[in-house]
Amino acid sequence: GAGGTRNIAGTLDNFGTIAANSTDDTILSASSIKLETGSQFFTQIGPPGFSSYLNATNANGLNIAGSTTINLASTRALSSDGYSVGTYVLMHYNGALAGSLSNLAIGTSSSSYAYQFINDAANGNVDLDIVPASQQTWSGATDANWNNANWNSASPDSTHLAVFPSPVAAGR
């Protein structure tokens, strides 16, 4: 599909499941959206910046009122999990966010990543930040080369966060 917006005239008061289109970055838009206890949102994510999301168009129109499970599905094979490290928009709102991000939880997911919900109030977004669950720390013990001898276990890859001490020794 080509993405686009699917509109609901009026309020979406959800106690069940909302499933985004499985082939594109479709936006589901309603005047107001209220996620009640037991809600589930199946969102499609791909490369960072590519996601299907909910859009509340009225001022103060998004309310995360009860426990809501966010289930991730991938649109593209970017990694063995199908998605990659990055920030994804899950919901967009105008004005203030009602309810609480603490009502959100990730459903079935990969243990290779850590997940954090972020209220980006400046842009009116509820974002999901996906980062590697483990990290590799640069020791520079041998030399300045990017090889396993200079990391705490192995060179980082897409499932590890590279951490550099501050300051890094001169020549390393």
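Rules used in this analysis
Residues numbered from 1 in each chain as written. Predicted model: local features only at pLDDT ≥ 70, side-chain atom pairs only at ≥ 80, totals over all residues. Heavy atoms only, no water. Helix = DSSP H or I, 4+ residues; strand = E, 2+ residues; numbered from the N terminus. Salt bridge = Lys/Arg side-chain N within 4 Å of Asp/Glu carboxyl O. Core = buried A, V, L, I, M, F, W, Y, C linked by side-chain atoms within 4.5 Å. Buried < 20%, exposed > 50% of the residue type's maximum accessible area, 1.4 Å probe, protein only. Contact = heavy atoms within 4.5 Å.

Caption draft 1: Focus on unusual backbone geometry. One non-glycine residue, Asn60, adopts positive backbone phi at about 60°. By secondary structure assignment, the location of Asn60 is in the loop between strand 5 (53-59) and strand 6 (62-64).

Caption draft 2: Geometry of the pattern of salt bridges. The final tally for this structure, using the stated rule, is one salt bridge. The closest approach of N and O atoms between Glu36 and Lys34, which form a salt bridge, is 3.4 Å.

Caption draft 3: Here's a closer look at the nonpolar core. In terms of nonpolar packing, the biggest core is built from 24 residues, with Leu54, Leu62, Ile70, Met91 and Val126 touching the most fellow members. Put simply, the parts of the chain that give this core at least two residues each are strand 3 (27-35), strand 4 (39-45), strand 5, strand 6, strand 7 (68-74), strand 8 (86-94), strand 11 (113-120) and strand 12 (125-132). Those residues in contact with Ile70, other than ones at most four positions away along the chain, are Phe41, Thr43, Leu90, Met91, Leu104, Ala105, Ile106, Gly107 and Phe117.

Caption draft 4: Looking closely at the side chain of Asp127. Examined against the element boundaries, Asp127 turns out to sit in strand 12. Of the residues examined, Asp127 reaches a relative accessible area of 7% and is grouped as buried. Discounting residues that sit within four places of it in the chain, Asp127 has contacts with Thr87, Tyr88, Val89, Leu90, Gln116, Phe117, Ile118 and Asp120.

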